[in-house]
Amino acid sequence: MNESQLPLFGEGSNPPLPPAYPDRAAWGTAPKLRAWQAEAMTKYFNENPRDFMAVATPGAGKTTFALTVAKELFNRGTINRMTVVAPTDHLKRQWADAAARVGISIDPNFKNSDGTMGRGYQGVALTYAQVANKPMLHRARTENGRTLVIMDEIHHAGDSLSWGDGLREAFEPATRRLALTGTPFRSDTAAIPFVQYEEDADGIRRSKSDYSYGYGPALKDHVVRPVIFMAYSGQMRWRTSAGEEMAANLGEGFTKDVTAQAWRTALNPEGEWIPTVLAAADKRLTEVRRTVPDAGGLVIATDHADARAYAKQLQKITGEKPALILSDDKEASNNIEEFSAGLARWMVAVRMVSEGVDVPRLAVGVYATSTSTPLFFAQAIGRFVRSRKRGETASVFLPSVPQLMMLANEMETERDHALDRKGATDEVIDPLNEGLDDHLIEEANKEEVVSDQLTRGKFEAIGSQASFHGVLFDGAEFSTGGLEIGSDEEQDFLGIPGLLDADQVGTLLRARQQDHASRRPASAAPQVVDHRQLKDLRNKLAKNVAAWAARTGKPHGSIHNELRRICGGPAVAQASAEQLQARLDKLQDWFVGRK
């Protein structure tokens, strides 16, 4: 089957399904399938596999691809029924709405107690928890027809969990299985059902996709938006359980405990850090709405109490009550849909909005949660990258802590799920994130409480102040850090136009940084070495070297050696501020493609 023979569904009695449901196609692609979807379709029907895993970055159009495959399988008579398995109830409804647009009737309200599918439906949408609860019921349904099973966000179904066990039991007899994910990795080493693993050169088994379309290629194709990360630091003060008063700059703790406590202090709704960052994010949203009038913002909170507090602060800032999405609210799905279809400025939510939920007009985000696993971060940022027309950019505000800065710098890094890694007892566990990947969606569907991990070391937040750390984009860092709130540099970055493609964003950020540097008054060389400046430059160099290593695969040491060869000077520990800055400038040239 070649691309010219690919079906375009939705013609005739059904409205067309855009390349990326639920909104219109990306610039230049309507009304045909996107190139990656057409290529994946061609591969699928040339090989006609029983199992197929498609990995595509959030916002690329996995739903449209899967439903196009399903419609063609129905038309050919290969299948006569379909089951969709998704992590949440909201996603079941989303799938049913999308399927209806290509003429496939899916019941998202099917309950295990119903036993059989209602008349008029060609399939049902289930949650992984629903399958795990009654796997034999769904196995019988699967055996009673030629069934296609679409498993959305398949990475949640590890074999060691009841979801994975139930999935394998229920759908082993399926005629066809189509697995979808935007993040094919987990924090543990539990094998994912129906996913193929192959050994790499190091003897580690890694998940193997049948087709992959990452964020980097999608960005070049204008399928997803470029993401600008606005990082904020600041001074944090807290009191430990022993009564000792502590203070640290956010992201500069010497231990994980200090970093975690400073981070938690920043997110405390009673401090000054959060309202300052929310106000800055709202200014950014106002700028974006000049060219994207329906642009919306999302604050991702750690728990229900924080979400409610952040919503009240946003109402004071904007004069408009934000949509509050709490996972124990029966109206949560309706509230998400209402926000998606409306023009309201802000939505505040706990983790349930982090994965799979499509609100295409989201353009500004505040990452106000202490969760920092690669899986959660990728899924959360995926809520902002869906491209509707060329030039729309996304802006995400985050604390300047090392874990998040590293993940932001590695946006384009593609990961696979690796087995045969060291067990949890052999690894350094982040106390903020222990076990969160495994139960992320399960926890999102029940009442949230403050994480046990966060309350192990009890402390009292005393106060917090925010400062503008800088901008991260395409693995590079802009600005000098530690700038006062309201400074000209911060306002310039907040005022970046809302319609810019990736190349224009990079060009503008470099120009603004050069302009800011030229405006700073020249000062005589200090008589005494500024140890704070040296520490800041060393930290910044380490972060940028790590980002370049992630992009190129080169060891950190070889990158440092190459910078020393080009720029001269001693090792990092003995280098002067001027020598460190020269290496940072050379790294910047590498990031933007200059020799």
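Everything below is about the structure shown above.
In this report, we go over the structure that sits alongside the text. (Residues numbered from 1 in each chain as written. Predicted model: local features only at pLDDT ≥ 70, side-chain atom pairs only at ≥ 80, totals over all residues. Heavy atoms only, no water.)

### Looking at the overall build of the protein
Helix and strand content of the protein: 20 helices and 20 strands. By residue count, 55% of the 595 residues in the protein fall in the buried class. Residue pairs at least 24 apart in sequence account for 75% of intrachain contacts in the protein once pairs closer than 6 positions are excluded. Approximately 24800 Å² of the protein is accessible, and the part contributed by carbon and sulfur atoms is 48%. (Helix = DSSP H or I, 4+ residues; strand = E, 2+ residues; numbered from the N terminus. Buried < 20%, exposed > 50% of the residue type's maximum accessible area, 1.4 Å probe, protein only. Contact = heavy atoms within 4.5 Å. Areas by Shrake-Rupley, 256 points an atom, 1.4 Å probe, with all protein chains shown as cover.)

### What to know about the layout of surface pockets
By volume, the second largest pocket amounts to about 450 Å³. Together, 26 residues line the second largest pocket, and Leu219, Phe473, Asp474, Ala502 and Asp503 are the ones closest to its centre. Those elements that provide at least two residues to the lining of the second largest pocket are α7 (215–220), β20 (476–478) and α17 (502–519). With five residues, the single largest contributor to the lining of the second largest pocket is α17. Split by residue class, the lining of the second largest pocket holds nine nonpolar, six polar and 11 charged. (1 Å grid on protein atoms, 1.4 Å probe; cavity = no way out; pocket = protein on both sides within 12 Å on 5 of 7 lines; lining within 4 Å. Points joined across faces, edges and corners; volume = space filled by probe spheres on them. Nonpolar A, V, L, I, M, F, W, Y, C, P; charged D, E, K, R; others polar.)

### Notes on the sheet that holds strand β16 (residues 362–368)
Pairing is mixed across the open sheet formed by eight strands, whose spatial order is β14-β15-β13-β16-β17-β10-β19-β20. Of all strands in the sheet, those with a lone pairing partner are β14 (323–325) and β20, marking the two edges. The average angle at which neighbouring strand axes cross in this sheet is 20°, direction not considered. By the bridge criterion, three bridges tie strand β19 (residues 467–473) to β20 in an arrangement that is antiparallel. Paired with Leu472 across the two strands is Glu477, which belongs to β20. (Pairing = 2+ DSSP bridges. Axes fitted to C-alpha atoms, helices over the stretch in contact; angles between N-to-C directions.)

### Regarding the packing of helix α2 (residues 62–76) against helix α3 (residues 89–100)
In contact at an axis separation of 10 Å, α2 and α3 are set at 55° when each is read in the N-to-C sense. Comparing their axes, α3 and α2 come out oblique. For the pair α2 and α3, the sense of crossing is right-handed. In contact with Thr63, Ala66 and Leu67 of α2, α3 contributes Trp95, Ala98 and Ala99. (Parallel < 35°, antiparallel > 145°, perpendicular 65-115°, else oblique. Left-handed = near helix turned anticlockwise from the far one by under 90°.)

### As for the packing of helix α5 (residues 135–143) against helix α6 (residues 162–171)
Taken N-terminus to C-terminus, the directions of α5 and α6 make an angle of 30°; their axes are 7 Å apart at the nearest point. One element, α5, and the other, α6, form an angle in the roughly parallel class. Considering the relative orientation of α5 and α6, their crossing is right-handed. Contacts between α5 and α6 involve Pro135, Met136, His138, Arg139 and Thr142 on the former and, on the latter, Gly166, Glu169, Ala170 and Phe171.

### Comments concerning helix α19 (residues 556–567)
Between its terminal C-alpha atoms α19 stretches 16 Å, which fits the 16 Å expected from 12 residues at 1.5 Å a residue. A positive backbone phi angle near 80° is found at Gly568, which sits one or two residues after α19. (Expected span 1.5 Å × (residues − 1).)

### Description of the side chain of Asp152
With respect to the helices and strands, the residue Asp152 is situated in the loop between β5 (147–151) and α6. Lys62 provides the closest opposite charge to the buried, salt-bridge-free Asp152, at an N-O distance of 6.1 Å. Looking at Asp152, its side chain comes within polar contact range of the side chain of Trp95, at 2.9 Å. Each residue touching Asp152, except ones within four places of it in the same chain, is listed here: Val85, Ala86, Pro87, Leu91, Trp95, Tyr128 and Leu180. (Lys, Arg positive; Asp, Glu negative; His and termini not counted. Salt bridge = Lys/Arg side-chain N within 4 Å of Asp/Glu carboxyl O. Polar contact = N/O pair within 3.5 Å; in protein donor to acceptor, adjacent residues only side chain to side chain.)

### What about the sheet that holds strand β18 (residues 459–464)?
Read from one edge of the open sheet, three strands run β12-β11-β18, paired in antiparallel fashion. This sheet does not close on itself; its edge strands, each paired only once, are β12 (245–249) and β18. Averaged over neighbouring strand pairs, the angle between their axes works out to 25° when direction is ignored. Alignment of strand β11 (residues 235–240) against β18, held across five bridges, turns out to be antiparallel. In the sheet register, Trp238 faces β18, and the bridge partner there is Ala461. In the packing of helix α8 (residues 256–267) onto the sheet, the strands contacted are β11, β12 and β18, and the crossing angle to β11 comes to about 110°.

### So, the environment of Glu484
As for its position among the elements, Glu484 is in the loop between β20 and α16 (488–494). Between the C-alpha atom of Glu484 and that of Gly234, which follows or precedes it by 250 residues, the distance is 9.3 Å.

### A word on unusual backbone geometry
Backbone geometry places Asn48, a non-glycine residue, at a positive phi of 45°. Along the polypeptide, Asn48 turns up in the loop between α1 (35–47) and β1 (51–56). Residue Asn48 is classed as partly exposed on the basis of its relative accessible area, which comes to 36%. Even without glycine at this site, Glu153 takes up a positive phi of about 55°. Here Glu153 shows up in the loop between β5 and α6.

### Topic: the pattern of salt bridges
Per the stated rule, a full pass over the model turns up 16 salt bridges. Taking the shortest distance from any N to any O, the salt bridge between Arg139 and Glu169 comes out at 4.0 Å. With Arg139 in helix α5 and Glu169 in helix α6, the pair connects residues that are 30 residues apart, well separated along the chain. On the accessibility criterion, Arg139 (18% relative accessible area) is buried. The salt bridge involving Glu392 is made with Arg225; its shortest N-O contact spans 2.8 Å. With Glu392 in the loop between α12 (374–381) and β17 (394–399) and Arg225 in the loop between α7 and β10 (227–233), this pair connects stretches of sequence that are 167 residues apart. Assigned by exposure class, Glu392 and Arg225 land together as buried.

### Observations concerning the packing of aromatic side chains
The relation between two aromatic rings is expressed through the spacing of the ring centres and the mutual angle of the planes. Summed over the entire model, instances satisfying the criterion amount to 12 aromatic pairs. Grouped by ring-pair contacts, the aromatic residues Trp36, Tyr44, Phe45, Phe52, Phe65, Tyr211 and Tyr213 constitute a single cluster. Arg361 extends its terminal NZ or CZ atom over the ring of Phe339, reaching a point 4.2 Å from the ring centre. (Phe/Tyr/Trp six-rings, centres within 6.5 Å; stacked < 30°, edge-to-face > 60°. Lys NZ or Arg CZ within 6 Å of the ring centre and 35° of its normal.)

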